[in-house]
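Here is how the chains run, residue by residue.
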Amino acid sequence: MSSPCSLLCRLATLLCVWALCQAQLDTKLPPGTPIIQLRLAGDKHKHYEGRVEVYYNGEWGTVCDDDFSIHAGNVVCRELGYVEAVSWSPSSKYGKGEGRIWLDNVHCSGLERTLAQCESNGFGVSDCKHSEDVGVVCSQRRIPGFKFISTLTNNVESLNVQVEDVRIRAISSQRKRVPMTEGYLEVKDGGKWRQICDLEWTEMNSRVICGMYGFPGEKRYNTKVYKLLAKRRKKNYWGFGVNCTGNEASLHGCKLGHKVELRGNATCEKGLPVVVNCVPGRAFAPSHAQGFSKAYRVEQPLVRLRGGANIGEGRVEVLKNGEWGTVCDDSWNLKAATVVCRELGFGSAKEALAGGKLGQGMGPVHMNEVKCSGFEKSLTECYFNRDALGCSHEEDAAVRCNVPAMDFQNRLRLSGGRNPFEGRVEVLAEKNGSLVWGTVCSDSWGTIEASVVCRQLGLGFANNAFQETWYWPGDMSADDVVMSGVRCSGTEMTLAQCLHHGKHLDCPRGGGRFAAGVSCSETAPDLVLNAQVVEHTTYLEDRPMYILQCANEEHCLSSSAATATSSSYRRLLRFSSQIHNNGLTDFRPRAAHHSWIWHECHRHYHSMEVFTHYDLLSLNGTKVAEGHKASFCLEDTQCEQGIEKRYECANFGQQGITVGCWDTYRHDIDCQWIDVTDVVPGDYIFQVVINPNYEVAESDYTNNIMKCRCRYDGHRIWMYNCYIVRHPGLAQGQTFHLDSSVIRTSDFRLLAQRS
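Residues numbered from 1 in each chain as written. Predicted model: local features only at pLDDT ≥ 70, side-chain atom pairs only at ≥ 80, totals over all residues. Heavy atoms only, no water.

The name given to the chain in an unreviewed UniProt entry is Lysyl oxidase homolog, and the organism recorded there is Hucho hucho. In its Cofactor (unreviewed entry) section, UniProt records this for the chain: "Cu cation". For the chain, the Catalytic activity (unreviewed entry) comment in UniProt is given as "L-lysyl-[protein] + O2 + H2O = (S)-2-amino-6-oxohexanoyl-[protein] + H2O2 + NH4(+)". (UniProt positions renumbered as here; feature names shortened; annotations may be inferred.)

Here you go:
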């Protein structure tokens, strides 16, 4: 936690920056200072980053990276209205520019008002190539009171829009609507909110604005209402029009339109202030009958997001030939990311992420070097290089989308925690005709319910779910239980969307110290089973009962083993399992080291009593045999190149799986099997479920299930077509159909029976 001193220092720094910027804005440039304008261009991942381009002498050009520094970056960002630079990048990270290289060997102190005041070789004096074009990443924060000032007398249309803020201001009849989809568009410039004249306004402009606010589309509005209002309202117009092509992710990517002559009440005489009317995605559309009772569902089955901490973000995955795969980050940019976001019912992209930033996927990389115009209905319509090879899952692309403001975070809070990411869950509920804060009953409270709370509050993933919160003294006036019987599927956007008792509360233990609590985390592990290892290592073994006593004590045999004689044999379906952690955090057992359970017979500790379920299912989904595996040794068996092992079971060591490592349970250890002694010959489904009780939070539970087709003839076993069940519709308990008439001998992987 930050100390009061460090917080005061940060505040003082911001005040100094603000004061400096204000002073610079209020003073004229020294005589003889060249007149320039700046913009950020190129292949962007965020709208506040890009290649630095300078408009000088009627021509746009670039800046060479020689001698460039963070001080120069600060000057660039402040000139564009941002508080500061976060970083700068050499060697044309955002692509090679065109035309002149205007500045080289730039030296700035950081106090200059414009880049033109910094020392350099002089305009147009450079020995650089465009492979040395410099780029910057600015802070998202805008300078308070920043005023866009165009120093150009003509060609203003080549400049990007740079304003302090943008908003949609609803009229009184629309203000209680959630989400707010319609209203006047206003930009904040020079500390004042101003309207835009609609004479040159287009649907493409509205499309960009709606995308910024989390909406995938726009539509016409009722002009009569706004014409009546315009006569009564005082208007304060901005001095420029706006010209968007429609594929921009933000208004800051649009160009300026023509200058508007400001003539007081006579400004925009033949027009009105711009109004936008946006169309929400299906998950956010208001339903007058049911409110927001629907859980979040993606609208397009060909593309999905996985591994994201919050709504509207995740690793991009594409369905091709019945198999989900990822997208390589080569050429990945905001245009492609925006196509994904709109396709899934969100707005434009806030950020196009590269380098597996939201976790690595499994399976094939379906698309590489994706190039989108920004108007495609689906990412699958974009051009991509079908022949490009060499992409690994370390380069998986991801997105963060703009989502509508749904007011979710004002209906829920965490109270009493040591930091904003933990605490007792308190809900705003109606009681006796008024809204009051109260607690949630902890009966049946688990990780899935906690994950919905963390997502609703924008705090990421659930780290833990607590059924006692006496150590978090919340607001005593909120001790009473206002919500009980909560059961979530994990796809809900709010806790209120989960199944619960409604007004008929039932909570024997009551609230207070027994109220539900959570701790959240911005990152989480993600376990995925290697299906090929299972398929390649499966075999049958007939093993005598007298050497299976320890396994029997741990309930690893079928129920008929209880009456079996010591000289009888059990038929075991054996296999190895290799479990990868593809998330962003190490996978650790939920139980603390001191509370692990000792098993005398096998002489080892169990850090998780049930780590995996093994099931043999009939073709209609009925369970015919089962097994389970406790995590007696959860460790890093192997890791990817460059990653060090952190967990080793020897000498009662710490257990876990490091990010980028995998744990292998070999086929020849106890309980790594299903007892199929009582199974009759036939066609079956073999299923493995990791972390089946959701004891440990993960970023993606939908990839925790593996299924194989299986044929048993009473003597031999064939295991084939093993794959990760990546679709919620094929989750545990769902029917899996197999047409035995289409099985070919060539499909089988026959593994010899071992006895």
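A. Spotlight on the sheet that holds strand S26 (residues 527-529). The 4 strands are arranged S26-S29-S35-S34 in an open sheet whose pairing can be described as antiparallel. The outermost strands of the open sheet, each flanked by one partner alone, are S26 and strand S34 (638-639). The pairing of S34 with strand S35 (residues 661-665) spans 2 bridges and is antiparallel. Residue pairing in the sheet places Gln638 in a bridge with Trp662 of S35. (Pairing = 2+ DSSP bridges. Helix = DSSP H or I, 4+ residues; strand = E, 2+ residues; numbered from the N terminus.)

B. Main features of the confidence of the model for the chain. Residues of the chain with pLDDT of at least 70 account for 88%, and the chain-wide mean is 84. Confidence scores differ between elements of the chain, with strand S40 (residues 750-751) showing the lowest mean pLDDT of 35 and strand S19 (residues 398-401) the highest of 95. Scored below 50 in pLDDT, residues 15-27 shows 18 contacts in the model against residues more than four places distant or in partner chains. Contacts of residues 288-300 to residues separated by more than four positions or lying in other chains number 29 contacts, the stretch itself having pLDDT below 50. (pLDDT = per-residue confidence, 0-100. Contact = heavy atoms within 4.5 Å.)

C. Seen up close, the pattern of salt bridges. Within the structure shown, the criterion is met by 34 salt bridges. For Arg263, the salt bridge identified is with Glu269, shortest N-O distance 3.5 Å. Under the relative-accessibility criterion, Arg263 is labelled partly exposed at 44%. A salt bridge links Glu317 to Arg315; the nearest nitrogen and oxygen atoms lie 3.1 Å apart. (Salt bridge = Lys/Arg side-chain N within 4 Å of Asp/Glu carboxyl O. Buried < 20%, exposed > 50% of the residue type's maximum accessible area, 1.4 Å probe, protein only.)

D. Focus on the nonpolar core. Grouped together as the largest cluster of nonpolar side chains are 37 residues, with contacts concentrated most on Phe611, Leu616, Phe686 and Met706. Mapped by element, the contributors of at least two residues to this core are S26, helix H7 (531-537), strand S32 (612-617), S35, strand S37 (682-690), strand S38 (705-712) and strand S39 (717-725). Residues Val340, Phe346, Cys372 and Met493 belong to the second largest nonpolar core, which totals 32 residues. (Core = buried A, V, L, I, M, F, W, Y, C linked by side-chain atoms within 4.5 Å.)

E. Spotlight on the packing of aromatic side chains. Under the counting rule described, the total for this entry stands at 18 aromatic pairs. Summarising the aromatic geometry, the rings of Phe466 and Tyr471 are spaced 6.2 Å apart at their centres and angled 80° between planes, so their arrangement reads as edge-to-face. For Tyr471, a relative accessible area of 34% translates into the label partly exposed. Pairwise contacts between aromatic rings join Phe466, Trp470, Tyr471 and Trp472 into one cluster. Stacked on the ring of Trp193, the Lys or Arg Arg167 has its end atom at 4.1 Å from the ring centre. (Phe/Tyr/Trp six-rings, centres within 6.5 Å; stacked < 30°, edge-to-face > 60°. Lys NZ or Arg CZ within 6 Å of the ring centre and 35° of its normal.)

F. A look at unusual backbone geometry. A cis geometry characterises the amide bond from Val178 onward to Pro179, with omega recorded as 0°. With respect to the helices and strands, Pro179 occurs in the loop between strand S7 (165-169) and strand S8 (182-189). If you check the backbone angles, Glu369 has positive phi at about 50° while not being a glycine. Structurally, the position occupied by Glu369 is in the loop between strand S18 (365-367) and S19. The exposure class of Glu369 is partly exposed, given its relative accessible area of 27%. Positive phi outside glycine occurs at Asp407, with the angle close to 65°. Residue position: Asp407 is located in the loop between S19 and strand S20 (412-416). Its relative accessible area of 38% is what places Asp407 among the partly exposed residues.

G. Representation of the sheet that holds strand S36 (residues 673-675) within the structure. Taken in spatial order, the 3 strands of this open sheet run S27-S28-S36, and their pairing is antiparallel. Edge positions in the sheet fall to strand S27 (539-544) and S36, since each of these pairs with one other strand and no more. Between one strand axis and the next, the sheet turns through 35° on average, direction left out of account. (Axes fitted to C-alpha atoms, helices over the stretch in contact; angles between N-to-C directions.)

H. Inspection of the pairing of S38 at higher detail. Most of S38 is tucked away: 6 of the 8 residues are buried. With 8 bridges connecting them, S37 and S38 associate as antiparallel partners. Across the sheet, the residue bridging to Val689 is Ile705, located in S38. The sheet contact formed by S38 and S39 spans 7 bridges and is antiparallel. Each residue of the ladder has a partner; that of Ile705, found in S39, is Val725. Hairpin geometry of S38 and S39 is characterised by an intervening segment of 4 residues between the two adjacent antiparallel strands and by a positive phi of about 95° at Gly714.

I. Up close: the state of the cysteines. For the structure shown, the criterion picks out 15 disulfides. Across a sulfur-sulfur distance of 2.0 Å, Cys639 and Cys661 are joined as a disulfide pair. Because the torsion about its S-S bond is 100°, the bridge between Cys639 and Cys661 counts as right-handed. Taken together, the residues Cys639 in strand S34 and Cys661 in strand S35 connect sequence positions 22 residues apart. On the accessibility criterion, Cys639 (17% relative accessible area) is buried. Accessibility expressed as a relative area gives 0% for Cys661, which makes it buried. Paired through a disulfide, Cys708 and Cys722 show a sulfur-sulfur distance of 2.0 Å. (Disulfide = S-S within 2.5 Å.)

J. Focus on helix H3 (residues 203-212). Where burial is concerned, most of H3 is hidden: 7 out of the 10 residues are buried. Turning to H3, its buried residues are Asn205, Ser206, Arg207, Val208, Ile209, Cys210 and Gly211. Buried-residue contacts for H3 involve S7, S8, strand S10 (217-218), strand S11 (240-243), strand S13 (275-279) and helix H5 (334-343). In the segment just after H3, Gly214 is the residue with positive phi, at about 90°.

K. The arrangement of the environment of His606 in detail. Within the element layout of this structure, His606 appears in strand S31 (residues 604-606). Residues His606 and His593, 13 residues apart in the sequence, show an inter-C-alpha distance of 10.0 Å.

L. Geometry of the pairing of S37. Of all 9 residues in S37, 8 are buried; the element is thus mostly enclosed. Relative to S37, S32 is paired through 6 bridges, and the arrangement is antiparallel. Its bridge partner lying in S37, Asp615 is registered against Gln687.

M. Spatial organisation of the environment of Thr380. Residue position: Thr380 is located in the loop between S18 and S19. With 61 residues separating them in the primary sequence, Thr380 and Leu319 have C-alpha atoms 9.1 Å apart. Non-local contacts of Thr380, meaning those with residues more than four positions away in its chain, are made with Leu302, Val303 and Val318. A distance of 2.8 Å separates the side chain of Thr380 from the side chain of Ser378, its partner in a polar contact. (Polar contact = N/O pair within 3.5 Å; in protein donor to acceptor, adjacent residues only side chain to side chain.)

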